[in-house]
Amino acid sequence: VCGNVIMSTGDAVISCCGITLPPLEAEEPDSDHCISAVISEDEYHVSVDHPMKKDHSISFLAAVTDNGIKFVKLYPEGAAEARFKINRTRAFYAYCNQHGLFRLNIK
């Protein structure tokens with residue numbers, strides 16, 4: 001409702017704006033939420049070909065590494081893209097405010 005993002009590393013019961021939030025399970029990207037990760041020097045250029053309208057957009061991109069999470073908040077009318085250092089990256093996540101959380105594993 002408010003656009004806040006909450007991360008947890010384990011089981012938790014979390015409420016925001018008076019609503020108990022269900023845990024999100026990341027899905028494999030579909031044709032409408034295809035996550036692209038292209039290597040450019042020492043970074044991944046991550047993008048999602050997705051509308052960035054106020055009522056339907058990618059809210060954030062995140063890179064999960066062996067030792068943490070790098071999080072980039074995105075905004076409507078902006079580009080659905082971000083750059084992340086390659087250093088031990090294991091997966092990328094994209095959150096669509098209409099369709100949920102998507103994950104791209106790095107091999």
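The structure reproduced in this document is the subject of the present report.

Conventions used here
Residues numbered from 1 in each chain as written. Predicted model: local features only at pLDDT ≥ 70, side-chain atom pairs only at ≥ 80, totals over all residues. Heavy atoms only, no water. Helix = DSSP H or I, 4+ residues; strand = E, 2+ residues; numbered from the N terminus. Rg over C-alpha atoms; globule rule 2.2 N^0.38 Å. Buried < 20%, exposed > 50% of the residue type's maximum accessible area, 1.4 Å probe, protein only. Contact = heavy atoms within 4.5 Å. Areas by Shrake-Rupley, 256 points an atom, 1.4 Å probe, with all protein chains shown as cover. Pairing = 2+ DSSP bridges.

### With respect to the overall build of the chain
Looking only at helices and strands, the chain features zero helices and nine strands. Going residue by residue from the N terminus, the α and β elements of the chain occur as β-β-β-β-β-β-β-β-β. A globule of 107 residues ought to have a C-alpha radius of gyration of about 13 Å, and the chain, at 14 Å, matches this closely. Structurally, the chain occupies a C-alpha span of about 45 × 30 × 20 Å along its principal axes. Counting only residues that meet the buried cut, the chain has 27% of its 107 residues in that class. Put simply, of all contacts in the chain between residues at least 6 apart along the chain, 51% involve residues at least 24 apart. Total accessible area computed for the chain in this model is approximately 7200 Å², and 50% of it derives from carbon and sulfur atoms.

### Re the pairing of strand S5 (residues 58–65)
Regular strands place their side chains on alternate faces of the sheet. For S5, a buried count of seven out of eight residues is recorded, marking the element as mostly surrounded by other parts of the structure. Note: S5 against strand S8 (residues 89–96), seven bridges, orientation antiparallel. Within S8, the residue paired with threonine 65 across the bridge is threonine 89. Relative to strand S6 (residues 68–73), S5 runs antiparallel, the two being bridged by six bridges. Across the sheet, residue threonine 65 finds its bridge partner in S6, namely glycine 68. Joining the antiparallel neighbours S5 and S6 is a turn of two residues.

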